[in-house]
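Architecture and fold: a report
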Amino acid sequence: MKRIGLLTSGGDAPGMNAAIRAVVRTGIYFGMEVYGVECGYAGLINDELIPMSMRSVSDIVQRGGTMLRTARCLEMLTKEGQQKAVKTLKNRGIEGLVVIGGDGSFRGAKVLSEEYGIPTIGIPGTIDNDLAYTDYTLGFDTAVNTCLDIINKLRDTMTSHERISVVEVMGRHCGDIALYAGIGSGAEIIVVPEVPYDMDDIVMRINRSRANQKHSNIIVIAEGVMSATAFAKQLQEVTTYSVRPTTIGHVQRGGSPSMQDRMLAAQFGNKAVRLLKDGIGNRVIGIRDNHIIDMDIIEAVSMKKKFNFELYNTLQMISM
Ligand code: ATP
């Protein structure tokens, strides 16, 4: 393979830039030409491509966001849009494509592979950690660390005023950000889409902690359940302690990637290009039990994410 393309799609995630750098530099190492597609599938449909060089990816390893920019592109869901995307690739002589994104982006990659025969490799880039086939996605670790930083600050003020903080984190339908941020911050309670919550039990746990000389409580709620404001309103009706909602919001998508995300980015990007070099497409890259793996894209997108109940039970036992 002599010429490959690369795009970032869906929600941005810290570490995407580091992955772009790894793809470009590995491609150049193997003597390939690498083209960056701007704004995800929209750029592919509209033929917005830029040649990438060693230097065009200098000084980005530490930056959040994505230098290629990203987009959600409804046209890619249509046959017409897909045909335009394929035409761009053919006209440009691009023989293989690397797609950095989440579940939806992988569905687009699957279409290009399966229906149009374009060898495509997916790199999991999303803060949500909602892909079943990989233990971690790019950006998750940094997003959780951002949440921890904010929750630490909330704990200070909640303790001073003896309040309850309800903190909403992202993750769409997946509770992993709430789970990891909850354990990492010492939150007393997490509320996630995978486990139905019981308000009586939550009030009991709060009262028990107060009886044990605790002066504040942190409840981390995943956005997939409801907003912090709505949950705080429900809770305030059944407790005399003062409740304050906080929505962390988009700040958790930005920032310099953590060491873990930079390491994943380097390995994911490198592996993706090595597969294309060997003429292998239609795969996604991931990490399982600390090993970088690749797997069939169709199989990967059809897997159902399992919630880590062992971690959830650990939190229940140590947070009181
Ligand atoms: P995140 O998890 O961060 O939201 P994502 O990749 O899941 O990222 P989506 O908005 O679901 O984000 O998908 C990104 C883009 O992938 C869509 O805007 C669309 O262009 C393309 N896409 C999604 N589903 C399909 C599909 N079934 N067929 C073709 N393209 C698709």
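Placed above this text is the structure.
Fair warning: this is a prediction, and the values are worked out from it, not measured in the lab.

1. Some remarks on the overall build of the chain
The helix and strand inventory of the chain stands at 11 helices and 11 strands. For 320 residues, the compact-globule estimate of 2.2 N^0.38 gives 20 Å, and the chain sits close to it at 21 Å. Its C-alpha atoms give the chain principal-axis dimensions of about 70 × 35 × 35 Å. Put simply, 75% of the contacts in the chain that link residues at least 6 apart link residues at least 24 apart. Here the chain contributes 35 positively and 35 negatively charged side chains, and the mean placements of these two sets differ by 4 Å.

2. Remarks on the sheet that holds strand 8 (residues 217-222)
One open sheet accounts for 4 strands, arranged 7-8-6-9; its pairing is parallel. Two strands in the sheet have a free side with no partner beyond their single neighbour: strand 7 (189-191) and strand 9 (243-247). Between one strand and the next, the sheet's axes are offset by a mean angle of 20°, whatever the strand orientation. Bridge analysis of strand 7 against strand 8 gives 3 bridges, and the strand direction is parallel. Looking at the pairing, Ile189 lines up with Ile219 of strand 8. Helix-sheet contacts for helix 5 (residues 140-161) involve strand 6 (164-169), strand 8 and strand 9, and the interaxial angle to strand 6 is about 165°. The strands that helix 8 (residues 228-236) touches are strand 6, strand 7, strand 8 and strand 9; relative to strand 9, the one it contacts most, it runs at about 170°.

3. What to know about the environment of Tyr29
One can find Tyr29 in helix 1 (residues 16-29). For Tyr29, a relative accessible area of 68% translates into the label exposed. Put simply, Tyr29 and Ala230 are 201 residues apart on the chain and 52 Å apart in space, counted from C-alpha to C-alpha.

4. Comments concerning the nonpolar core
Membership of the largest hydrophobic core comes to 56 residues, with the highest contact counts inside it found for Leu6, Ile20, Val98, Ile100, Ile123, Ile177 and Val220. Sorting elements by how many residues they give to this core places helix 5 first, with 8 residues. When residues of this core are sorted by domain, at least three fall in each of domain 1 (3-139 + 257-302) and domain 2 (143-253). With sequence-adjacent residues up to four places away left out, Ile20 is seen in contact with Leu6, Thr8, Met52, Val57, Ile60, Thr66, Met67, Leu68 and Ile100.

5. Some details on the site of the ligand
Every one of the 19 residues lining the ligand counts as a neighbour, but Arg72, Cys73, Gly104, Ser105 and Arg172 are closest to it. At a separation of 2.9 Å, an oxygen atom of the ligand approaches a polar side-chain atom of Arg172. In the complex, the protein chains occlude 85% of the 620 Å² of accessible area that the ligand would expose alone. Its residues assigned to classes, the shell around the ligand shows 5 nonpolar, 8 polar and 6 charged.

6. Quick look at the packing of aromatic side chains
With the rule as written, the count across this model stands at 8 aromatic pairs. Arranged with centres 4.9 Å apart and planes meeting at 85°, the rings of Phe140 and Tyr180 form a pair that is edge-to-face. Here Tyr180 lies in helix 6 (residues 176-185) and Phe140 lies in helix 5, a separation of 40 residues in the sequence. A relative accessible area of 2% means that Phe140 is categorised as buried. Taking the centre distance of 5.1 Å and the plane angle of 80° together, the rings of Phe307 and Phe309 count as edge-to-face. Since its relative accessible area comes to 10%, Phe307 is described here as buried. Three or more aromatic residues joined by ring pairs make a cluster, and in this case those are Tyr136, Phe140 and Tyr180. If you follow Lys277 out to its NZ or CZ, it ends over the ring of Phe30, 4.8 Å from the centre.

Cut-offs and rules
- As a convention, each chain's residues are numbered from 1 in the sequence order in which they are written.
- For a predicted model such as this one, the threshold for reporting local features is a pLDDT of at least 70, and the threshold for listing and counting side-chain atom pairs is 80 or more; totals across whole chains, interfaces and linings nevertheless cover every residue.
- Heavy atoms throughout the structure, all of them, feed into the side-chain values; hydrogens and water do not.
- The numbering of helices and of strands both runs from the N terminus, where a helix is a DSSP run of H or I of at least 4 residues and a strand a run of E of at least 2.
- Radius of gyration: over C-alpha atoms. The globule rule applied is 2.2 Å multiplied by the number of residues raised to the 0.38 power.
- Contact definition: two residues touch when any of their heavy atoms are within 4.5 Å.
- We treat Lys and Arg as the positive residues and Asp and Glu as the negative residues; His and chain ends play no part in the count.
- Charge positions are represented by NZ for Lys, CZ for Arg, CG for Asp and CD for Glu.
- For two strands to be treated as a pair, DSSP must find at least two bridges joining them.
- Each axis is a line fitted through C-alpha atoms, taken for helices only over the stretch in contact, and angles between the N-to-C directions span 0 to 180 degrees.
- Three exposure classes are used, based on accessible area relative to the maximum for each residue type with a 1.4 Å probe and protein chains only: buried under 20%, partly exposed in between, and exposed over 50%.
- Residues grouped as a nonpolar core are buried Ala, Val, Leu, Ile, Met, Phe, Trp, Tyr and Cys residues, joined through side-chain atoms within 4.5 Å.
- The domain boundaries here were taken from an automatic or database domain assignment.
- Note on definitions. A residue lies near a molecule or strand when any single heavy atom of the residue is within 4 Å of it.
- Residues adjacent in sequence count toward polar contacts only when both atoms are side-chain atoms; beyond that, a polar contact is any pair of N or O atoms within 3.5 Å, and within protein one must be able to donate a hydrogen and the other to accept it.
- Note that accessible areas follow from Shrake-Rupley with a 1.4 Å probe, and for residues the cover is restricted to the protein chains shown.
- Amino acids are sorted into nonpolar (Ala, Val, Leu, Ile, Met, Phe, Trp, Tyr, Cys and Pro), charged (Asp, Glu, Lys and Arg) and polar (every other residue, Gly among them).
- For Phe, Tyr and Trp, rings pair up if their centres lie within 6.5 Å, where Trp contributes its six-membered ring, and each pair is then called stacked (planes under 30 degrees apart), edge-to-face (over 60) or tilted (otherwise).
- Put simply, a charge is over a ring when the Lys NZ or the Arg CZ is close to the ring centre, within 6 Å, and near the line of the ring normal, within 35 degrees.

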